[in-house]
Amino acid sequence: QVQLVESGGGLVQAGGSLRLSCSASGSIFSIFATGWYRQTPGKQRELVATITNGGTTNYLDSVKGRFTISRDNAKNTVYLQMNSLKTEDTAVYYCNAEAARAPYEYWGQGTQVTVSS
């Protein structure tokens, strides 16, 4: 089993920055990619950014150039640096880990990000 704990959410004004952290513990050897998703009420959860163990990254088009996903393997932590935040970035952000063995996918508890105008 893998446990994911997110931190770093909060309230920020538009144009500001936040950094989210996702710390993994447990059977982390099975993880091959980690990502951030977000969800607002009434909408489907959407992929924001992912990073593989090899360092390959992928971003939602609307966050490219503003958000950066990175990892610190020594700390088993993945970060999401969010700059130039917009009100439409307001959501609950979830950390996700994809694993090579069942249950193949893990989720954190979510952290609220609120961007005010």
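Being a predicted model, the structure only gives us computed values, none of them experimental. (Residues numbered from 1 in each chain as written. Predicted model: local features only at pLDDT ≥ 70, side-chain atom pairs only at ≥ 80, totals over all residues. Heavy atoms only, no water.)

(A) Structural detail: the sheet that holds strand β8 (residues 77-82). Here 4 strands make up an open sheet; going across it, the order is β1-β3-β8-β7 and the pairing antiparallel. Bordering the open sheet on either side are β1 (2-7) and β7 (67-72), each of which pairs with just one other strand. This sheet shows a mean twist of 15° between the axes of neighbouring strands, independent of strand direction. Pairing geometry for β7 and β8, over 6 bridges, is antiparallel. Residue pairing for β8: Thr68 is matched across the bridge by Gln81. (Pairing = 2+ DSSP bridges. Helix = DSSP H or I, 4+ residues; strand = E, 2+ residues; numbered from the N terminus. Axes fitted to C-alpha atoms, helices over the stretch in contact; angles between N-to-C directions.)

(B) Quick look at the packing of aromatic side chains. Scanning the model with the defined rule gives 2 aromatic pairs in all. Each ring, one from Tyr37 and one from Trp107, has its centre 5.0 Å from the other, and the planes form 70°; the classification is edge-to-face. Taken as a pair, Tyr37 in strand β4 (residues 31-39) and Trp107 in strand β10 (residues 105-107) lie far apart in primary sequence, 70 residues in all. Under the relative-accessibility criterion, Tyr37 is labelled buried at 19%. We classify Trp107 as partly exposed; its relative accessible area is 33%. Every member of this aromatic cluster is reached through a ring pair, and the members are Tyr37, Tyr94 and Trp107. (Phe/Tyr/Trp six-rings, centres within 6.5 Å; stacked < 30°, edge-to-face > 60°. Buried < 20%, exposed > 50% of the residue type's maximum accessible area, 1.4 Å probe, protein only.)

(C) Quick peek at the pairing of strand β11 (residues 111-116). Side chains Thr111, Val113 and Val115 of β11 all project onto a buried face; the interleaved residues Gln112, Thr114 and Ser116 project onto a face where none is buried. In this structure, strand β2 (residues 10-13) lies alongside β11, joined through 4 bridges in parallel fashion. Looking at β11, one finds that Gly10 is bridged to Val113. Relative to β11, strand β9 (residues 91-99) runs antiparallel, the two sharing 3 bridges. Pairing of Val92 across the sheet is with Gln112, part of β11.

(D) Representation of the state of the cysteines in the model. Tallied over the entire structure, the rule returns 1 disulfide. Between the sulfur atoms of Cys22 and its disulfide partner Cys95 the distance amounts to 2.0 Å. An S-S torsion of about -80° defines the bridge between Cys22 and Cys95 as left-handed. With Cys22 in strand β3 (residues 18-26) and Cys95 in strand β9, this residue pair connects regions lying 73 residues apart in the sequence. Each member of the pair, Cys22 together with Cys95, is buried. (Disulfide = S-S within 2.5 Å.)

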